[in-house]
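So you can see what is in the structure, the chains are spelled out below.
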Amino acid sequence: MKRTLFIAGDSTAALKGASEKPMTGWGEYLQGHFNSSIKVKNCAINGRSTKSFLNEGRLEAIERELQAGDYLFIQFGHNDGKQEDPARYADPVREYPGNLSRFIELARSRDATPVLLTSVSRRKFLPDGTLDPLAVAEYPEVMRQVARTTGTILLDIFAASQHLYRQLGEEASRRLLMHLPPGAHPNYPDGIQDDTHFSEEGACQIAELVVAEIRYADALSVLAAELRQVDDKGGND
């Protein structure tokens, strides 16, 4: 039985066009970790929050394709916190939890499995050299609370990505994000210093974190069984 794994999320997961490369979303690397029985459909879109994703009808578009046995991976937070933009801002007390519940309920109504993924951490080191535990504000913790109250599977990618940055250290972790000097790439002639969006290497490593969390989650044992047994950098056996 072929199943589809849908990704609903923002630019950290989204497919990037040629004009944005080498910026890469982690969702671009997920398919290579699975056998052919799982089809990854990356519906993540640059710049979206739970609010704008819902208001643009993007969840309804997923609903039209979602079937029993499918998976809906849900990862937001980076844009939900943009208070200066009322089209995207979802307050963490009421609106963000409520929006997440709409994703969860939709998946369950179709006999699909909703999976919450906390936001990938921004690479935000504090002056003392530690990582900012509020690098995506309260949103990762709010998602954990929603997972508990709704009984939804949670993959804590915020914690996993912070652990990865901590292991690499402040300097070495730069290569995972979009840090380019002027003239290094024609898409970024003036260079770029971006601690939110990933390089190809960074997206690959975040996808590997997602895969590791899938393997660890007992409730995802059926999905984990469809992972390739040898996850090298190419994602092939």
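What you see is a predicted model; the values in this text were computed from it and never measured.

*Asks:* I'm lost on the overall build of the protein chain in this one. Help?
*Replies:* Secondary structure assignment for the protein chain yields 7 helices and 7 strands. The order of α-helices and β-strands along the protein chain, N terminus first, is β-β-α-α-β-α-β-α-β-α-β-β-α-α. For 237 residues, the compact-globule estimate of 2.2 N^0.38 gives 18 Å, and the C-alpha radius of gyration of the protein chain, at 17 Å, lies within 12% of that figure. Taking the principal axes of the C-alpha coordinates as reference, the protein chain spans close to 50 × 45 × 35 Å. Burial statistics for the protein chain: of 237 residues in total, 52% are counted as buried. Look at the contacts in the protein chain between residues 6 or more apart in sequence, and 71% of them connect residues 24 or more apart.

*Asks:* What is the right way to read helix 3 (residues 95–109) from this model?
*Replies:* In an α-helix, one full turn covers 3.6 residues, which means residues spaced three or four apart are oriented alike. Over its 15 residues, helix 3 runs 21 Å from end to end, which matches the ideal 21 Å to within 8%, given 1.5 Å per residue. Three or more residues of helix 3 are buried, namely Tyr-96, Pro-97, Asn-99, Leu-100, Ser-101, Phe-103, Ile-104, Leu-106 and Ala-107. The inward-facing, buried residues of helix 3 abut strand 1 (3–9), helix 1 (50–55), helix 2 (58–63), strand 3 (71–75), strand 4 (113–117) and helix 4 (139–150). Looking one or two places after helix 3, you find Asp-111, whose phi comes out positive at around 60°.

*Asks:* Whenever I open this one, the environment of Leu-30 confuses me. Can you help?
*Replies:* Position of Leu-30 relative to the elements: it lies in the loop between strand 1 and strand 2 (38–42). When the C-alpha atoms of Leu-30 and Ile-206 are compared, they prove to be 9.4 Å apart, with 176 residues separating the residues in sequence. Ignoring anything within four residues of it in the chain, the contact list for Leu-30 reads Leu-5, Ile-7, Val-40, Ala-207, Val-210 and Val-211.

*Asks:* Just checking my understanding: could you explain the pairing of strand 1 for this structure?
*Replies:* Two faces, one strand: in a regular strand the side chains alternate between the faces of the sheet. Within strand 1, 7 of the 7 residues are buried, leaving the element largely enclosed by the surrounding structure. Alternating residues of strand 1 divide into Arg-3, Leu-5, Ile-7 and Gly-9 and Thr-4, Phe-6 and Ala-8, and every residue in both groups is buried. Of the strand pairs in this sheet, strand 1 and strand 3 are connected by 5 bridges, and their pairing is parallel. Within strand 3, the position partnered with Ile-7 by the bridge is Phe-73.

*Asks:* I keep staring at the pattern of salt bridges and nothing clicks. Help me out?
*Replies:* If charged atoms from side chains of opposite charge come close, those side chains can pair. Tallied over the entire structure, the rule returns 13 salt bridges. We note a salt bridge from Lys-51 to Glu-95, for which the minimum N-O separation is 3.9 Å. Pair noted here: Lys-51 is in helix 1 and Glu-95 is in helix 3, with a separation of 44 residues, a long-range link. Taking the shortest distance from any N to any O, the salt bridge between Glu-201 and Arg-175 comes out at 2.7 Å. Linking Glu-201 in helix 6 (residues 200–216) with Arg-175 in the loop between helix 5 (157–172) and strand 6 (177–180), this pair joins segments that are 26 residues apart in sequence. Through salt bridges that share partners, Glu-141, Arg-144, Arg-148 and Asp-156 make up one connected network.

*Asks:* Looking at this structure, how should I read unusual backbone geometry?
*Replies:* Note: most residues except glycine have negative phi, and most peptide bonds are trans. Here the bond from Lys-21 into Pro-22 is cis, since omega is 10°, no more than 30 degrees from zero. Mapped onto the elements of the fold, Pro-22 is located in the loop between strand 1 and strand 2. Phi is positive for Asp-111, close to 60°, though the residue is something other than glycine. Structurally, Asp-111 can be placed in the loop between helix 3 and strand 4. On the basis of relative accessible area, Asp-111 is assigned to the exposed category, the value being 59%. For Ala-137, which is not glycine, the phi torsion reads 55° and is therefore positive. Along the chain, Ala-137 turns up in the loop between strand 4 and helix 4.

*Asks:* Whenever I open this one, the packing of aromatic side chains confuses me. Can you help?
*Replies:* To describe a pair of aromatic rings, you give the distance between the ring centres and the angle between the ring planes. On inspection of all chains with the given rule, the structure shows 4 aromatic pairs. Between Phe-53 and Phe-76 the ring centres are 5.3 Å apart and the planes differ by 70°, which places this aromatic pair in the edge-to-face class. One end of the pair, Phe-53, is in helix 1; the other, Phe-76, is in the loop between strand 3 and helix 3, and 23 residues separate them in sequence. For Phe-76, a relative accessible area of 0% translates into the label buried. Between Phe-76 and Phe-103 the ring centres are 5.4 Å apart and the planes differ by 45°, which places this aromatic pair in the tilted class.

The rules we used
- Residues numbered from 1 in each chain as written.
- Predicted model: local features only at pLDDT ≥ 70, side-chain atom pairs only at ≥ 80, totals over all residues.
- Heavy atoms only, no water.
- Helix = DSSP H or I, 4+ residues; strand = E, 2+ residues; numbered from the N terminus.
- Rg over C-alpha atoms; globule rule 2.2 N^0.38 Å.
- Buried < 20%, exposed > 50% of the residue type's maximum accessible area, 1.4 Å probe, protein only.
- Contact = heavy atoms within 4.5 Å.
- Expected span 1.5 Å × (residues − 1).
- Pairing = 2+ DSSP bridges.
- Salt bridge = Lys/Arg side-chain N within 4 Å of Asp/Glu carboxyl O.
- Phe/Tyr/Trp six-rings, centres within 6.5 Å; stacked < 30°, edge-to-face > 60°.

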